[in-house]
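Coordinate inspection notes
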Amino acid sequence: MKRPVIGIPCCRWWLKESQFFHLAGEKYIRAAEGAGGLPLLLPALGETTPLEQVLSLVDGLLFTGSPSNIEPHHYGAARVAGDFNDPARDATTLPLIRAAIAAGVPVLGICRGFQEINVAFGGSLYARVHEVDGFADHRDRGETLAEQYAPAHPVSFVPGGVLERLAGGLRAQVNSLHGQGVERLAPALEAEAHAPDGLVEAFRVRDARAFALAVQWHPEWQFRDDPLSLAIFKAFGAACAERQAARA
Ligand SMILES: N[C@@H](CCC(=O)NCCCC(=O)O)C(=O)O
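Summarised in this report is the structure supplied together with it. (Residues numbered from 1 in each chain as written. Predicted model: local features only at pLDDT ≥ 70, side-chain atom pairs only at ≥ 80, totals over all residues. Heavy atoms only, no water.)

1. Things to note about the overall build of the protein chain
Convention followed: Only DSSP runs of H or I covering at least 4 residues are called helices, and only runs of E covering at least 2 are called strands; the numbering of each starts at the N terminus. Throughout, radius of gyration means the C-alpha value; the globule benchmark is 2.2 Å times the number of residues raised to the power 0.38. Summary of the burial criterion: residues with accessible area below 20% of their type's maximum are buried, those above 50% are exposed, and those between are partly exposed, where the area comes from a 1.4 Å probe applied to protein chains only. Contacts are assigned to residue pairs with any non-hydrogen atoms lying within 4.5 Å of each other.
The helix and strand inventory of the protein chain stands at seven helices and 13 strands. Expected size for 248 residues packed as a compact globule is a radius of gyration near 18 Å; at 17 Å, the protein chain falls within 12% of this value. When its C-alpha atoms are laid out on the principal axes, the protein chain stretches across 50 × 45 × 35 Å. Within the protein chain, buried positions represent 51% of all 248 residues. Restricting the contact set of the protein chain to residue pairs at least 6 apart, pairs at least 24 apart contribute 68%.

Dropping the structure here:
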């Protein structure tokens, strides 16, 4: 049986001092597969991305994390000298997010992808959350991947939200690997979870016609071992399957 196609927009990185590569982390690919989908990597074509044609090829879109930061001009902030940016990814994902939500394509955003959805709809980011009074340091700690992706802090779910339903409760422990965070939440977005310091850690697109959820943490990490992570990917996968059936 054909699986729903889950598009995964790539990063565009200069590697080995030689050339640009378009790439995505394997744990996202495996999680999309685990959600029942067929992962389809989408190159960071930028402004030339044929948005409608891309949307005709996919049954859902997974916007992944990345160590690169969204260029601040996308949310009216000053450039940060020496920042690790990925303009081609920004130029691909930001318009694709808006087009996907308008077309009723299921969307799941993770970490950078979460931040991209906020910026795509007019929100802004703290460049360095840990330097803002009152906020904790949300960056990863430890040397090994297991240490970096270990549970780092609790999140509280907004009562009546999607995540409370998926979690079966109002709290969960999540990992944390981000230096940036939501400063101003875009008007189209509804907060779904907060960290103890008040930082928005998840939201949904309020009027989306399909699944449209984003989280600052990493549910793709060993997602089968965590009930909430599995529930998120099952719900996303089901939404993608629903679109696939509707398009059949
Ligand atoms: N650069 C942004 C987003 C951080 C992020 O996506 N971290 C995950 C990177 C590795 C992975 O894909 O798991 C920020 O620092 O806030």
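2. Regarding the packing of helix α3 (residues 87–103) against helix α4 (residues 112–120)
Packed helices, taken two at a time, are described by their axes: the angle between them and the distance between them. Just so we agree on the cut-off: A fitted line through C-alpha atoms serves as each axis, taken over the contacting stretch for helices, and the angle formed by two N-to-C directions is quoted from 0 to 180°. Each helix crossing is assigned a hand: it is left-handed if the near helix lies turned anticlockwise from the far helix by less than a right angle, otherwise right-handed if that turn is clockwise. As a working rule, the residues Ala, Val, Leu, Ile, Met, Phe, Trp, Tyr, Cys and Pro are called nonpolar, Asp, Glu, Lys and Arg charged, and the rest polar, with Gly in that last group.
Between α3 and α4, the least distance of the axes is 9 Å, while the angle of their chain directions is 65 degrees. Note on packing geometry: the crossing formed by α3 with α4 is right-handed. In this structure, α3 uses Arg-89, Asp-90, Thr-93, Leu-94, Ile-97 and Arg-98 to contact α4, whose residues at the interface are Arg-112, Gly-113, Glu-116, Ile-117, Val-119 and Ala-120. Tallied by class, residues from the contact of α3 with α4 come to five nonpolar, two polar and five charged.

3. Digging into the side chain of Asp-90
Counting through the fold element by element, Asp-90 comes out in helix α3. Setting aside residues no more than four positions away along its own chain, Asp-90 makes contact with Asn-69, Ile-70, Glu-71, His-74, Pro-95 and Arg-112.

4. A short note on the site of the ligand
So the rule is basically this: We call a residue near a molecule or strand as soon as one heavy atom of that residue lies within 4 Å of the molecule or strand. By the criterion applied in these results, polar contacts are pairs of N or O atoms within 3.5 Å in which, for protein atoms, one can donate a hydrogen and the other can accept it, and in which residues neighboring in sequence qualify only through two side-chain atoms. Points on a 1 Å grid over protein atoms alone make up a cavity when a 1.4 Å probe fits among them but cannot get out, and a pocket when they form an open set with protein on both sides within 12 Å along at least five of seven lines; lining residues each have an atom within 4 Å of a point. Molecule-in-pocket calls rest on the fraction of atoms, with more than half required to lie within 2 Å of the cavity or pocket grid points.
Lining the immediate environment of the ligand, one finds 16 residues, of which Lys-27, Tyr-28, Ser-66, Tyr-149 and Gln-180 sit closest. One nitrogen or oxygen atom from the main chain of Ser-66 is found 2.8 Å from an oxygen atom belonging to the ligand. At 2.5 Å, a side-chain N or O of Tyr-149 approaches an oxygen atom of the ligand. Among the detected pockets, the ligand sits in the largest pocket. Those elements that provide at least two residues to the shell around the ligand are α1 (26–34) and α4. Residues belonging to the shell around the ligand are distributed by class as follows: five nonpolar, nine polar and two charged.

5. Quick word on the pattern of salt bridges
Just so we agree on the cut-off: In the sections that follow, a salt bridge refers to a side-chain nitrogen of Lys or Arg positioned within 4 Å of a carboxyl oxygen of Asp or Glu.
In total, this model carries 10 salt bridges according to the counting rule given. Between Arg-112 and Asp-90 there is a salt bridge, with its nearest N and O atoms 2.8 Å apart. Highlighted residues: Arg-112 in helix α4 and Asp-90 in helix α3, separated in sequence by 22 residues. In this pair, the class of Arg-112 matches that of Asp-90, namely buried. Linked through salt bridges whose partners overlap, the residues forming this network are Arg-89, Asp-90, Arg-112 and Glu-116.

6. Some points on the pairing of strand β1 (residues 5–9)
Note the following rule: Strands pair, by our definition, only if DSSP identifies at least two bridges between them.
Counted residue by residue, β1 has five buried out of five residues, so it is predominantly covered. Residues Val-5, Gly-7 and Pro-9 of β1 are buried on one face, and the alternating residues Ile-6 and Ile-8, pointing to the opposite face, are buried as well. Sheet topology places β1 next to strand β4 (residues 38–42); five bridges connect them, and they run parallel. Looking at β4, one finds that Val-5 is bridged to Leu-38. As defined by bridge partners, β1 adjoins strand β5 (residues 60–63) across two bridges and the pair is classed as parallel.

7. Things to note about the layout of surface pockets
Leftover empty space is mapped by rolling, across the atoms, a probe with the size of a water molecule. Spelled out, the test is: Grid points are joined across faces, edges and corners, and a volume is the space filled by probe spheres set on the points.
Within this model, the largest pocket holds a volume of roughly 590 Å³. Of all elements in the fold, only β2 (11–15), α1 and α4 reach the threshold of two or more residues within the lining of the largest pocket. Considered class by class, the residues forming the lining of the largest pocket number 11 nonpolar, 12 polar and six charged. Taken as a whole, the second largest pocket spans an internal volume of roughly 220 Å³. Taken together, 16 residues form the lining of the second largest pocket, with Pro-151, Asn-175, Trp-221, Asp-226 and Ser-229 sitting closest to its centre. Elements with a contribution of two residues or more to the lining of the second largest pocket: β9 (171–174) and α7 (227–247). For the lining of the second largest pocket, the leading source of residues is β9, giving three residues. Classifying every residue of the lining of the second largest pocket by side-chain character gives nine nonpolar, five polar and two charged.

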